[in-house]
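# Structural description and commentary
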Amino acid sequence: MKSTPLHLALIGDYNPDVIAHQAIPVALQQAAETLGLSIHVQWLDTDNLPPSLHGFDGFWCVPASPYRDTEGAMRAIQFAREQRRPFLGTCGGFQHAVLEYARNVLGWKDAEHGELAPQSTRAVIAPLSCALVEATDTVRLAPYTRIAEAYGTLDVQEGYRCRYGVNPAFLDALLNGDLIPSGHDSAGDLRAVELLDHPFFVATLFQPERVALKGITPPLAIALLKACQAESA
């Protein structure tokens, strides 16, 4: 085992009743065992972030938003993006990764999450046309992306517990730079994104972590730890 553990931060407000919150630490431990790594996982409450985030090798922004402090979650995501720390966002983490990019990279200071500000003229995250609560669907991954490399295939089956996604009205503008589409569902709707020119910055609307509770190691958990290992070497 690696003598110095990798330090992983889970961005989100822990709730033991949330299935994803049960699954993510299990997923990371399974991935660590697969890779022969030692890890230390710490939950970061969005309303009580530590003054410095430099001690973390990687970040996972977890489901179950709205968070207690949206700005706290965004600060942690911004840190991971700007400091080039490996980052994975799932479900709510996907939504807030897109929102952080819209505000701090595209300069859309009025960008909002439709769950918190439904009347906003720039709600980049909006209600899905059909809620994906305990739904499963095929996701088609874009070739040569980080996520496709992680799965080793272009077609995957994944589950959701989600009611919000990227607002189609802003889709083209959001994906006109370094944020690229890396996965779509069977209807062609965006379900995964990642950043170019970053060691590992991947976000999915689906919840890949859930399979860990069935004894299956999620490929994205392995990919996240591999990226952390490479960046900390």
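Thresholds applied
Residues numbered from 1 in each chain as written. Predicted model: local features only at pLDDT ≥ 70, side-chain atom pairs only at ≥ 80, totals over all residues. Heavy atoms only, no water. UniProt positions renumbered as here; feature names shortened; annotations may be inferred. Helix = DSSP H or I, 4+ residues; strand = E, 2+ residues; numbered from the N terminus. Core = buried A, V, L, I, M, F, W, Y, C linked by side-chain atoms within 4.5 Å. Buried < 20%, exposed > 50% of the residue type's maximum accessible area, 1.4 Å probe, protein only. Contact = heavy atoms within 4.5 Å. Expected span 1.5 Å × (residues − 1). Lys, Arg positive; Asp, Glu negative; His and termini not counted. Salt bridge = Lys/Arg side-chain N within 4 Å of Asp/Glu carboxyl O. Polar contact = N/O pair within 3.5 Å; in protein donor to acceptor, adjacent residues only side chain to side chain.

### Overview of the UniProt feature "domain: Glutamine amidotransferase" (unreviewed entry) in the protein
Mapped onto the present numbering, the UniProt feature "domain: Glutamine amidotransferase" (unreviewed entry) falls on residues 27-209. Annotation note: span residues 27-209, helix share 25%, strand share 35%, distance between end C-alpha atoms 6 Å.

### Quick notes on the nonpolar core
With 74 residues, the main nonpolar core has Leu28, Phe59, Trp60, Phe87 and Val124 as its most contacted residues. Here the element with the most residues in this core is helix H6 (residues 219-232); it accounts for eight residues. Not counting residues within four places of it along the chain, the set of residues in contact with leucine 28 comprises Leu10, Ile39, Val41, Trp60, Ala221, Leu224 and Leu225.

### Description of unusual backbone geometry
Proline 66 follows serine 65 through a cis peptide bond whose omega is 10 degrees. By the element assignment, proline 66 lies in the loop between strand S3 (58-61) and helix H2 (70-82). In this structure, cysteine 91 takes a positive phi of about 60 degrees despite not being glycine. Along the chain, the position of cysteine 91 falls in the loop between strand S4 (87-90) and helix H3 (92-104). For glutamate 134, which is not glycine, the phi dihedral falls at a positive 55 degrees. Tracing the sequence through the fold places glutamate 134 in strand S6 (residues 123-141). On the basis of relative accessibility, which here comes to 46%, the residue glutamate 134 falls in the partly exposed class.

### Remarks on H3
Here H3 is 13 residues long and its end C-alpha atoms lie 18 Å apart, about the 18 Å a rise of 1.5 Å per residue gives. With 12 of its 13 residues buried, H3 lies for the most part within the structure. Among all positions of H3, only Gly92, Gly93, Phe94, Gln95, His96, Ala97, Val98, Leu99, Glu100, Tyr101, Ala102 and Arg103 are buried.

### A short note on the environment of valine 202
Within the secondary structure layout, valine 202 lies in strand S10 (residues 201-204). With a relative accessible area of 0%, valine 202 lands in the buried category. When the C-alpha positions of valine 202 and glycine 36 are compared, they lie 23 Å apart, and in sequence the two are 166 residues distant. Sequence-distant contacts of valine 202, that is, excluding residues within four places in its chain, are made with Phe87, Leu88, Gly89, Arg146, Ile147, Val193, Glu194 and Leu220.

### Quick notes on the side chain of arginine 85
Mapped onto the fold, arginine 85 is located in the loop between H2 and S4. Although arginine 85 is buried, it makes no salt bridge; aspartate 57 carries the closest opposite charge, 5.9 Å away. Of the polar contacts made by the side chain of arginine 85, one reaches the backbone oxygen of histidine 54; its length is 3.1 Å. For arginine 85, the contacting residues outside a window of four places in its chain are Leu53, His54, Phe56, Asp57, Phe59, Phe79, Ala80, His198 and Phe200.

### Points about the pattern of salt bridges
Per the stated rule, a full pass over the model turns up 14 salt bridges. Among the salt bridges present, the one from glutamate 134 reaches arginine 161, with a minimum N-O distance of 3.0 Å. Placement of the pair is glutamate 134 in strand S6 and arginine 161 in strand S7 (residues 155-166), with a sequence separation of 27 residues. The shortest N-O distance in the salt bridge between aspartate 185 and arginine 191 comes to 3.2 Å. Assessed through its relative accessible area of 7%, arginine 191 is described here as buried. Linked by salt bridges that have partners in common, Asp13, Asp45, Asp47 and Arg68 make up one network.

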